[in-house]
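Structural description and commentary
Here are the chains, one letter per residue:
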Amino acid sequence: MTENLMPESNATQEADLIETTSEPEVAPKRGNSRRMFLAGTVTAATAAVGAITAANAQLIGPTSVKQRLKDAQQLRTTTARVESGAPLVPHPANNDEALYFNKIGSYSKGLPHNNLGEVDLNAYNSLINAVSSGDPVAYNNIILGTNPPQVRLTDPQNALAFTLEGQDSHNYTMPAAYAFSSEEEAGEMVELYWMALLRDVPFSEYPTNPLAIQAAADLNRFQDYIGVTPATLFRSPVAGNAVGPYVSQFLLQPIPYGAQQAVPQAINAPTIGLDYMTQYAEWLSIERGFAPAQPQTFEPQLKFLYSGRTLAQWVHIDWPYNSTLNACLILLGYGSGAFDAGNPYTLANSRTQQGFNTFGGPHPLNLVSKAADLALKAAWFQKWQVHRRIRPEMFGGRVHNQLVGAANYPINSALLNSPVLPLIFEHNRQQNLARFGQNVGTYLQPQVFPEGSPTHPSYPSGHATFAAAGATVLKAFFNESFVIPRPVKPTPDGLGLEPYIVGVDGPALTIGGELNKLAANVARGRDIGGVHWRTDALNGNQLGEDTAITLLQDLRGIYNETFAGFSLTRFNGQTITI
């Protein structure tokens, strides 16, 4: 018997939906109170039923046109009624916004700031007025740091958009982000500094690299990192993620792409050793909303994802379902044997038919895009309406001003006493000398991207949510225990791939483990780039998984095929059937 370990606040509505038997369900049973209006609304389809004449009401299948329209309306209204009964969930926040009058713990990039990087309060209040009122005019009146604006805030009104499938974006819950002054926040910032210093060390060398060994020892001072070793450094604690190469097979193997030759996954790799926003004036300019003065530069040869810098760049240029679309194409290239055994159209289940738009290749290919859309709406609600968490690059400015004596902030001493800080100061001194001819160090958070973070709050990571949502959909369609054929690993210089030899390099790699790793890689790659926190990634993955499950729940009742339900293993290792 499988176990339901959903978040406590969602347990009631999940309990009826997630089953541990193979009995099919009649209709989805999960939803949101914001769609209650559907149950009492006369739709255009309903009106059309009355206009159907006897001439066109003949049988064209199992039911008449009139009955089909009634059945469609019933499915939609039943789903809406069930969803409207979902209990409301809490939205805890860390209280930093209320605690600090100068908003030092809150997101403010793109707004005007003083010389310490503290936001202009009138500008911040204009942002709060917009997100509180939801008035489109108020959003257009947010005070930005440049006029005309060089960069703009990223889609804050997406936080208020509705969805017509899955749970409403406002009825998922997340734990509060770590507070500005907490030891947990200090630990995450220490990790980000170590990530910056290790960006050009190949992942395969972490177990023996002296800097990685030092990083693991330092991180073990913090509760969230106890037990981290050089071999597990910067890996997410999800099932299968510690097995095999750091990077998922779905980011390494060639992608079958229609009639074209398979597409290799080597990328334009950023210049080794070059970081941005290490100079204070550059950092302050970008926080104020100015575009970066220098473009990103690249290595002369394409490289596979062998290091933190290359992984960070992959998630710099991707689109929301890029990673899971590629993964689905690779999975389909493994043949029909890679599909889940519960698929109605496996050879064991159907002698006469094969799937296409239902339970065939196009089905998961289409759903990874839909899942990404739902995940991003849920993430944007949390970002803009609930947490407004500070980005690491801004927190790095707080650390710098604290340590040079320009300000006095309540930064936890566990961070201020970390051995990583003098290493970061020296790293940034060398960067500033090479780039600007200035022999001056800083304690700023080095960035892989010239522009630093995007112009929206940090928590959760949007990448984490959409990658997890797509991976969850793929786990529902494919056999998670299927062993990946022809596994590979990048060469230490990233210029090629070589075989990953099972039994020599490590255990066999499975679809389920590598999909979990894919979601973790996409999330943690943003951390390594310097633009997100660890819990942005971990809790963002959880939120994305939750949104995909509610999508699958709503889809469960639409099929004609005999289907026992979607079965998958959650990131926490628990198996569920929907």
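This write-up is about the structure you can find in this document. (Residues numbered from 1 in each chain as written. Predicted model: local features only at pLDDT ≥ 70, side-chain atom pairs only at ≥ 80, totals over all residues. Heavy atoms only, no water.)

Overview of the overall build of the protein chain
Inclusion rule: Segments assigned H or I by DSSP are reported as helices when at least four residues long, segments assigned E as strands when at least two residues long, and all are numbered from the N terminus. The buried label goes to any residue with under 20% of its type's maximum accessible area, the exposed label to any with over 50%, and the partly exposed label to all in between, with areas taken from a 1.4 Å probe on protein chains only. Exposure was quantified through the Shrake-Rupley algorithm and a 1.4 Å probe, taking into account, for residues, occlusion by the shown protein chains and nothing else.
Helix and strand content of the protein chain: 18 helices and 4 strands. Among the 578 residues that make up the protein chain, the fraction classed as buried is 56%. With the model as given, the accessible surface of the protein chain reaches about 23000 Å², and the carbon-plus-sulfur share is 56%.

Points about empty space enclosed by the protein
Just so we agree on the cut-off: Cavities and pockets are defined on a 1 Å grid built over the protein atoms alone: a cavity is a set of grid points where a 1.4 Å probe fits but cannot escape, while a pocket is an open set with protein on both sides within 12 Å along at least five of seven lines, and lining residues are those with an atom within 4 Å of any such point. Grid points are joined across faces, edges and corners, and a volume is the space filled by probe spheres set on the points. In this classification, the charged set is Asp, Glu, Lys and Arg, the nonpolar set is Ala, Val, Leu, Ile, Met, Phe, Trp, Tyr, Cys and Pro, and all remaining amino acids, among them Gly, are polar.
The tally for this structure, following the rule as stated, stands at 2 cavities of 30 Å³ or more. For the largest cavity, the calculated volume is near 70 Å³. Here the second largest cavity defines a volume of roughly 40 Å³. Every residue along the wall of the second largest cavity is listed here: Asn94, Asp96, Glu97, Gly105, Ser106, His387, Arg388, Arg389 and Ile390. For the lining of the second largest cavity, the residue count by class is 1 nonpolar, 4 polar and 4 charged.

A word on unusual backbone geometry
Here the residue pair asparagine 147 and proline 148 is connected by a cis peptide bond, since its omega of 0° sits within 30 degrees of zero. By the element assignment, proline 148 lies in the loop between helix H6 (136-140) and helix H7 (183-197). For lysine 103, which is not glycine, the phi torsion reads 60° and is therefore positive. Mapped onto the elements of the fold, lysine 103 is located in the loop between helix H4 (96-99) and helix H5 (121-133). In this structure, methionine 277 is a non-glycine residue whose phi angle is positive, near 60°. Within the secondary structure layout, methionine 277 lies in the loop between helix H8 (210-219) and helix H9 (280-287).

Examining H5
What counts, and what does not: What a helix is expected to span follows from its residue count: subtract one and scale by 1.5 Å. For this analysis, residues touch if any pair of their heavy atoms sits within 4.5 Å. Under this definition, polar contacts are N or O atom pairs within 3.5 Å; protein pairs additionally need one hydrogen-donor-capable and one acceptor-capable atom, and for neighbouring residues in sequence, both atoms have to be side-chain atoms.
Taking 1.5 Å as the rise per residue, H5 with 13 residues should run 18 Å; its terminal C-alpha atoms sit 18 Å apart, in good agreement. Along H5, the positions that sit buried rather than exposed are Ala123, Tyr124, Ser126, Leu127, Ile128, Ala130 and Val131. In the core, the buried residues of H5 are packed alongside H4, H6 and helix H12 (362-387). Measuring from the side-chain oxygen of the N-cap residue of H5 to the backbone nitrogen of asparagine 122 gives 3.1 Å; that N-cap residue is aspartate 120. Glycine 134 occupies a position one or two residues after H5 and carries a positive phi of about 70°.

Some thoughts on helix H3 (residues 65-84)
With 20 residues, H3 ought to run about 28 Å at 1.5 Å a step, and its terminal C-alpha atoms sit 29 Å apart, in line with that. In this structure, the buried side of H3 is in contact with helix H18 (534-555).

Notes on the packing of aromatic side chains
Quick note on the threshold: The pairing test for Phe, Tyr and Trp rings, Trp by its six-membered ring, is centres within 6.5 Å, and the orientation test on the planes gives stacked under 30 degrees, edge-to-face over 60, and tilted for anything in between. Over a ring means this: the NZ of a Lys or the CZ of an Arg is within 6 Å of the ring centre and within 35 degrees of the ring normal.
In total, this model carries 19 aromatic pairs according to the counting rule given. Judged by centre distance (6.4 Å) and plane angle (40°), the ring pair of phenylalanine 359 and phenylalanine 477 falls under tilted. With a gap of 118 residues between them, phenylalanine 359 in the loop between helix H11 (322-333) and H12 and phenylalanine 477 in helix H16 (residues 462-477) connect regions that are remote in the sequence. For the pair shown, phenylalanine 359 and phenylalanine 477 are each scored as buried. One aromatic cluster is present, built from ring pairs that chain together Phe359, Phe477, Tyr559, Phe563 and Phe566. Across the ring face of tyrosine 409, the terminal group of arginine 398 is positioned such that the distance to the ring centre comes to 5.9 Å. Over the aromatic face of tyrosine 225 sits the side chain of arginine 534, whose NZ or CZ is 4.8 Å from the ring centroid.

Overview of the environment of aspartate 318
Its location among the elements puts aspartate 318 in the loop between helix H10 (308-317) and H11. Separated by 204 residues in the primary sequence, aspartate 318 and valine 522 have C-alpha atoms spaced 9.8 Å apart. Aspartate 318 has contacts with His463 and Phe466, leaving out every residue within four places of it along the chain. Within the structure, aspartate 318 has its side chain in polar contact with the side chain of histidine 463 (distance 2.9 Å).

Description of the packing of H10 against helix H17 (residues 511-529)
Counted only if it meets this: As a rule, the C-alpha atoms of each element are fitted with a line to give its axis, helices using only the stretch in contact, and angles between N-to-C directions run from 0 to 180 degrees. An angle below 35 degrees is treated as roughly parallel, one above 145 as roughly antiparallel, one from 65 to 115 as roughly perpendicular, and anything else as oblique.
Taken N-terminus to C-terminus, the directions of H10 and H17 make an angle of 110°; their axes are 8 Å apart at the nearest point. Taken as axis vectors, H10 and H17 run roughly perpendicular relative to one another. Along the contact surface, H10 presents Gly308, Leu311, Ala312, Val315 and His316, while H17 presents Asn521, Val522, Gly525, Arg526, Ile528 and Gly529. Its residues assigned to classes, the contact of H10 with H17 comprises 5 nonpolar, 5 polar and 1 charged.

Things to note about the environment of glycine 506
Position of glycine 506 relative to the elements: it lies in the loop between strand E2 (497-499) and H17. Overall, glycine 506 belongs to the buried group, its relative accessible area being 17%. Apart from residues no more than four positions distant in its own chain, glycine 506 is found in contact with Tyr500 and Ile501.

Digging into the packing of H11 against H16
This is how the line gets drawn: Note on convention: near helix rotated counterclockwise from far helix by under a right angle means a left-handed crossing. Clockwise means right-handed.
Taken N-terminus to C-terminus, the directions of H11 and H16 make an angle of 20°; their axes are 9 Å apart at the nearest point. Taken together, the axes of H11 and H16 are roughly parallel relative to one another. Crossing of H11 over H16 shows right-handed handedness. Residue-level contacts link Ser323, Thr324, Ala327, Cys328 and Leu331 of H11 to Ala467, Gly470, Ala471 and Leu474 of H16. Here the contact of H11 with H16 is composed, by residue class, of 6 nonpolar, 3 polar and no charged.

Side note on the side chain of glutamate 514
With respect to the element layout, glutamate 514 can be found in helix H17. Using a relative accessible area of 1% as the deciding quantity, one classes glutamate 514 as buried. If we ignore the near neighbours within four places in the chain, the residues touching glutamate 514 are Val243, Val247, Ser248, Gln249, Phe250, Ile484 and Leu509.

Some details on the side chain of glutamine 431
Here glutamine 431 shows up in helix H15 (residues 420-436). Looking at glutamine 431, the relative accessible area reads 8%, which means it is buried.

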